[in-house]
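Below are the chains, spelled out letter by letter.
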Amino acid sequence: MSDTFNPDTYDFRAELLAVIPNLRAFAMSLVGAADKADDLVQETLVRAWDKRSSFTPGTNLKGWLFTILRNEFYSQMRKRKREVSDPEGIMAERLSSHPEQVGRLDMEDFKKAVNQLPEDQREALVLVGASGFSYEEAAEICDCAVGTIKSRVSRARTQLAAILKLEGDGEFGPDAVAVGVMNLTSSSAA
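Keep in mind that what you see is a predicted model, and the values were worked out from it rather than measured.

The rules behind these values
- Residues numbered from 1 in each chain as written.
- Predicted model: local features only at pLDDT ≥ 70, side-chain atom pairs only at ≥ 80, totals over all residues.
- Heavy atoms only, no water.
- Helix = DSSP H or I, 4+ residues; strand = E, 2+ residues; numbered from the N terminus.
- Core = buried A, V, L, I, M, F, W, Y, C linked by side-chain atoms within 4.5 Å.
- Buried < 20%, exposed > 50% of the residue type's maximum accessible area, 1.4 Å probe, protein only.
- Contact = heavy atoms within 4.5 Å.
- Axes fitted to C-alpha atoms, helices over the stretch in contact; angles between N-to-C directions.
- Parallel < 35°, antiparallel > 145°, perpendicular 65-115°, else oblique.
- Left-handed = near helix turned anticlockwise from the far one by under 90°.
- Nonpolar A, V, L, I, M, F, W, Y, C, P; charged D, E, K, R; others polar.

Q: I would appreciate a short explanation of the environment of K36 in the present structure.
A: Within the secondary structure, K36 is located in helix α2 (residues 34-50). Taking the C-alpha atoms as reference points, K36 and R24, 12 residues apart in sequence, are found 10.0 Å from one another.

Given below as structure tokens:
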């Protein structure tokens, strides 16, 4: 660009192209790798072209472009700080979660069914099944015979199966979708 500015002969594109070697050298000094420097210069040129209406012809184009490049570099650096490199997909694998919707609905049904049990059966089932007490410990807590606790737990389980309309052991545990997800996750981890 000459010292005397003529708005009629000003060619923004030509001036932009003339500064590319300087932009590339500056980008190389910031990122240290040719491919990343070229990407940074390209992004700078795209942004400059999009914002060319905000540039005042006759002012320092090189300084304006260097400012855009520098700002783009810092924006990318801030973005990279928030990103995690995971080329093998190991982190993503750990972040996967099993579907919860059906399990939550099943739990709500289970809670309603447990609340329908007689109090003595519910108490025995919660002590042995949920709290992990042995039959002997549960009998001591309830101040009754071990056989009574075993009977209450058995009747509670039978009644729960009837309330929940469960027909066999295959209906307990995760459903087919959850099993599929668990199998997929375990096979991809191996």
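Read on for the rest.
Q: Looking at this structure, how should I read the nonpolar core?
A: Buried together is how nonpolar side chains tend to be arranged in soluble globular proteins. F12, L23, L61, W64 and L65 are the most contacted members of the largest nonpolar core, which has 18 residues in total. Every element with two or more residues in this core is listed here: α1 (12-31), α2 and α3 (61-82). Excluding residues within four positions of it along the chain, L61 makes contact with Y10, F12, E15, L16, V19 and F55. Counting 14 residues, the second largest nonpolar core, distinct from the first, contains L117, A124, V128 and A156.

Q: What is the right way to look at the packing of α1 against α3 in this model?
A: The relative placement of two packed helices is expressed as an angle between their axes plus a distance between the axes. One way to put it is that α1 packs onto α3 with a least axis distance of 9 Å and a crossing angle of 40°. Here α1 is positioned oblique relative to α3, judged by the angle of their axes. Remark: the crossing between α1 and α3 carries right-handed chirality. Across the interface between the two elements, F12, E15, L16, V19, N22, L23, F26, A27, L30 and V31 from α1 touch L61, K62, W64, L65, F66, L69, R70 and F73 from α3. For the contact of α1 with α3, a count of residues per class yields 14 nonpolar, 1 polar and 3 charged.

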